[in-house]
Amino acid sequence: MREDEPLIEWEWIERNADQILDRLIQHIGLTLIAVAAGFLISFALALLIHRRRRLYGPLTGAAATLYTIPSIALFAALTPITGFGSILTAEIALISYTLLILLRNIVSGLDSVPAEVREAATAMGYSSWQRLWRVELPLALPLIVAGVRVATVTTVGLVTVAAVIGQGGLGQLILSGLRSFFTTPTYVGAFLSLSLALAFDVGLLGLQRRLTPWSAPKSANA
Amino acid sequence: MNELIAWLSDPARWAGSDSIPVRLIEHLQLSGTAVLAALLIALPLGALIGHTGRFTLLAVTIANVGRAMPTLALLVILLPFILRAGLGLGFWPTFVPLVLLGIPPILVNTYVGISQVDADVREAARGVGMSGRQVLFGVELPLAWPAIFAGLRTASVQVIATATLGALVASGGLGRYIIDGIALRENERIIVGAALVALFALTVDRGLALVEERLARRAGQSEGAAGALRPAA
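Residues numbered from 1 in each chain as written. Chains lettered and ligands numbered in written order. Predicted model: local features only at pLDDT ≥ 70, side-chain atom pairs only at ≥ 80, totals over all residues.

Looking at this model, I keep getting lost on the overall build of chain A. Mind explaining?
A tally of regular secondary structure across chain A gives nine helices and zero strands. Along its sequence from the N terminus, chain A presents helices and strands in the succession α-α-α-α-α-α-α-α-α. Over its C-alpha atoms, taken along the principal directions, chain A stretches across nearly 75 × 40 × 25 Å. Expressed as a percentage of its 222 residues, the buried residues of chain A come to 45%. Pairs at least 24 apart in sequence give 72% of the contacts found in chain A among residues at least 6 apart. (Helix = DSSP H or I, 4+ residues; strand = E, 2+ residues; numbered from the N terminus. Buried ≥ 20, exposed ≤ 12 C-beta atoms within 10 Å, placed from the backbone. Contact = placed C-beta atoms within 7 Å.)

What follows is the structure in structure tokens.
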């Protein structure tokens, strides 16, 4: 890094706009796959916990252990098994990190449904599945979307780390700049990943308010 | 598996500058000093915000940006400035971002812990003639201690995780095994590095969790900030 070199060379950005856009799309893709797959797994586990309460401790405990493992360690440990630079390697780790947040929020969302409401639904002749889909889930939605928000923002940040194992979307820009001592790609990657995280955060907050207008003033925050 | 054992039984793993004990101590020193520095900055600031009830928006903003900020991005954004300040590669480019990452959880938990002290308790302390300073040190901080400690635990685990990434900017620590292993395409090095980092983080987390539970029990509040979620790193 030379002393006189500007931190950002705008010309480089213009010349490499295509590459930057590709990385951004890749970053969004990796994030969405991780959150979607993590959500499906967490949702299934949450329904299981909803029925069998004693599973809550062990399942969240396991998710918390995964969550505590530094991401770079998990990415690295998977490379000999699933390969360097493979999407699978990145996704297994990324999905693992969404589980704790999503599982906790879906379960507490379902728990937040008042017992009277649940009883009223049953008294009206709802089967337990109907009650779940039509009564409990809509009421649990604010907490569930809040969980998706936190999980998505966290995942956007973790995707950058996946650059170390040859994936990572915008993280690739960050790392290539670091390796060549050229700050422009690094700053572009860092700026875009931070912006992406904030955009997801604001977008999902908007979605949360729209889906549940009645809870707007004191929106649940995880 | 045999390769792994062969790799581990190399004497260079147990003595010398790239040995496991040396890398472990480097990691511990780097994370320990960073968490300590973060604590020295965040605790007084958080206490001030919680005690006076001013600048709360600032605290919330710091927490949110801290959560959204990718750790790798923070590391590389600061690098040119640290190099231009003449501090060189290695320790400082890792240490400074680690301190900045450690601040938000401690700051927010201190502020929330203090602001959640029962208003009646605070008024009673005022009523028996305690000064603002005495209320802070004698009442608010002791009651907020479990929450502050929970923040310290969050910060520690995050700092330990991110210290691993320091290897990218030529810092020591266990991250060296992972980054060098990837560069050398040496699976044994990667696996051992990853396992050590994971074990280290989990051990510190469990150890601090035990202290936290004991503190919470003594303060008679097992719920609350202790269950707060931290960002993954």
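What exactly am I supposed to notice about the overall build of chain B here?
The helix and strand tally for chain B stands at nine helices and zero strands. When the helices and strands of chain B are placed in sequence order, the string is α-α-α-α-α-α-α-α-α. For the C-alpha atoms alone, the extent of chain B along its principal axes is close to 70 × 40 × 25 Å. For chain B, with 233 residues in total, the buried portion stands at 46%. In chain B, of all internal contacts separated by at least 6 residues, the share reaching a separation of at least 24 is 75%.

What am I meant to see in the interface of chain B and chain A here?
The accessible area lost on association of the parts is a frequent measure of interface size. In this complex, chain B contributes 36 residues to the contact, which on the side of chain A involves 39 residues. Of all the elements in the fold, those that place two or more residues in the side of chain B that touches chain A are α3 (56-68), α4 (71-84), α7 (132-165), α8 (175-184) and α9 (187-219) of chain B. A total of 11 residues in the side of chain B that touches chain A trace back to one element, the largest contributor, which is α9(B). Across the side of chain B that touches chain A, the residue classes break down as 28 nonpolar, five polar and three charged. (Nonpolar A, V, L, I, M, F, W, Y, C, P; charged D, E, K, R; others polar.)

Quick question: what am I supposed to make of unusual backbone geometry here?
Working note: non-glycine residues mostly have negative phi, and peptide bonds are mostly trans. Of note, F55(B) is a non-glycine position whose phi angle comes to about 60°, a positive value. Classification of F55(B) by C-beta neighbours within 10 Å gives partly exposed; the count is 14.

I keep staring at the nonpolar core and nothing clicks. Help me out?
Generally speaking, soluble globular proteins have nonpolar side chains that are buried together. Of all hydrophobic cores here, the largest spans 125 residues; its most connected members are A73(A), F75(A), A76(A), L103(A), I174(A) and I178(B). At 14 residues, the largest contribution of residues to this core is made by α7(B). Not counting chain neighbours up to four residues away, the residues in contact with A73(A) comprise T164(B), I178(B), A194(B), V197(B) and A198(B). (Core = buried A, V, L, I, M, F, W, Y, C linked by C-beta atoms within 7 Å.)

I would appreciate a short explanation of the confidence of the model for chain A in the present structure.
For residues with low pLDDT, the predicted coordinates do not support detailed interpretation. For chain A, the mean per-residue pLDDT works out to 88, and 94% of the residues sit at or above 70. For chain A, per-element mean pLDDT is lowest for helix α1 (residues 10-15) of chain A, which scores 88, and highest for helix α2 (residues 17-51) of chain A, which scores 95. (pLDDT = per-residue confidence, 0-100.)

Quick question: what am I supposed to make of α3(B) here?
Think of an α-helix as turning once every 3.6 residues; residues three or four places apart then point the same way. Taking 1.5 Å per residue, 13 residues should reach 18 Å; α3(B) reaches 19 Å between its end C-alpha atoms and fits that length. Turning to α3(B), its buried residues number three or more, namely A59(B), I62(B) and A68(B). Buried residues along α3(B) sit against α7 (128-161) and α9 (183-211) of chain A together with α2 (20-52) and α5 (91-115) of chain B. (Expected span 1.5 Å × (residues − 1).)

Would you explain α7(B) in this entry?
If you check α7(B), its first and last C-alpha atoms are just 43 Å apart, much less than what 34 residues at 1.5 Å a residue would give, namely 50 Å. Of all the bends in α7(B), the largest measures some 55° and sits at W145(B), one to four residues before the proline P146(B). (Bend = angle between axes of the 7 residues up to and from the residue.)

What is the right way to read the packing of helix α4 (residues 71-82) of chain A against α8(B) from this model?
Axes are the key here: two packed helices are described by the angle between their axes and the distance separating the axes. Here α4(A) crosses α8(B) at 40°, and the two axes come no closer than 11 Å. One element, α4(A), and the other, α8(B), form an angle in the oblique class. When the axes of α4(A) and α8(B) are compared, the crossing they make is left-handed. Taken together, the residues of α8(B) that come into contact with α4(A) (itself represented by I72(A), A73(A) and A76(A)) are G175(B), I178(B) and I182(B). (Axes fitted to C-alpha atoms, helices over the stretch in contact; angles between N-to-C directions. Parallel < 35°, antiparallel > 145°, perpendicular 65-115°, else oblique. Left-handed = near helix turned anticlockwise from the far one by under 90°.)

Looking at this structure, I do not really get the confidence of the model for chain B. What am I missing?
Residues and elements named next belong to chain B. Scored by pLDDT, chain B has a mean of 85; 94% of the residues are at 70 or more. pLDDT under 50 marks residues 222-228. Its contacts with residues more than four places away, or in other chains, come to 14 contacts. Here the predicted complex carries an ipTM of 0.80, next to a pTM of 0.84.

What is the right way to look at the environment of E140(B) in this model?
All names here are of chain B. Tracing the sequence through the fold places E140 in helix α7. The exposure class assigned to E140 is buried, which follows from the 24 C-beta atoms found within 10 Å. In this structure E140 touches H51, I114, V117 and V135, once residues within four positions along its chain are discounted.

Hey, could you run me through the environment of T186(A) in this one?
Relative to the helices and strands, T186(A) is located in helix α9. A C-alpha to C-alpha distance of 8.7 Å links T186(A) and Q172(A), two positions 14 residues apart in sequence. Ignoring sequence-local partners within four residues, the contact set of T186(A) consists of L173(A), I174(A), G177(A), L178(A) and V76(B).

What am I meant to see in the environment of L132(A) here?
Summarising the element assignment, L132(A) is placed in helix α7. Residues L132(A) and A121(A) lie 11 residues apart in sequence; the distance between their C-alpha atoms is 9.6 Å.

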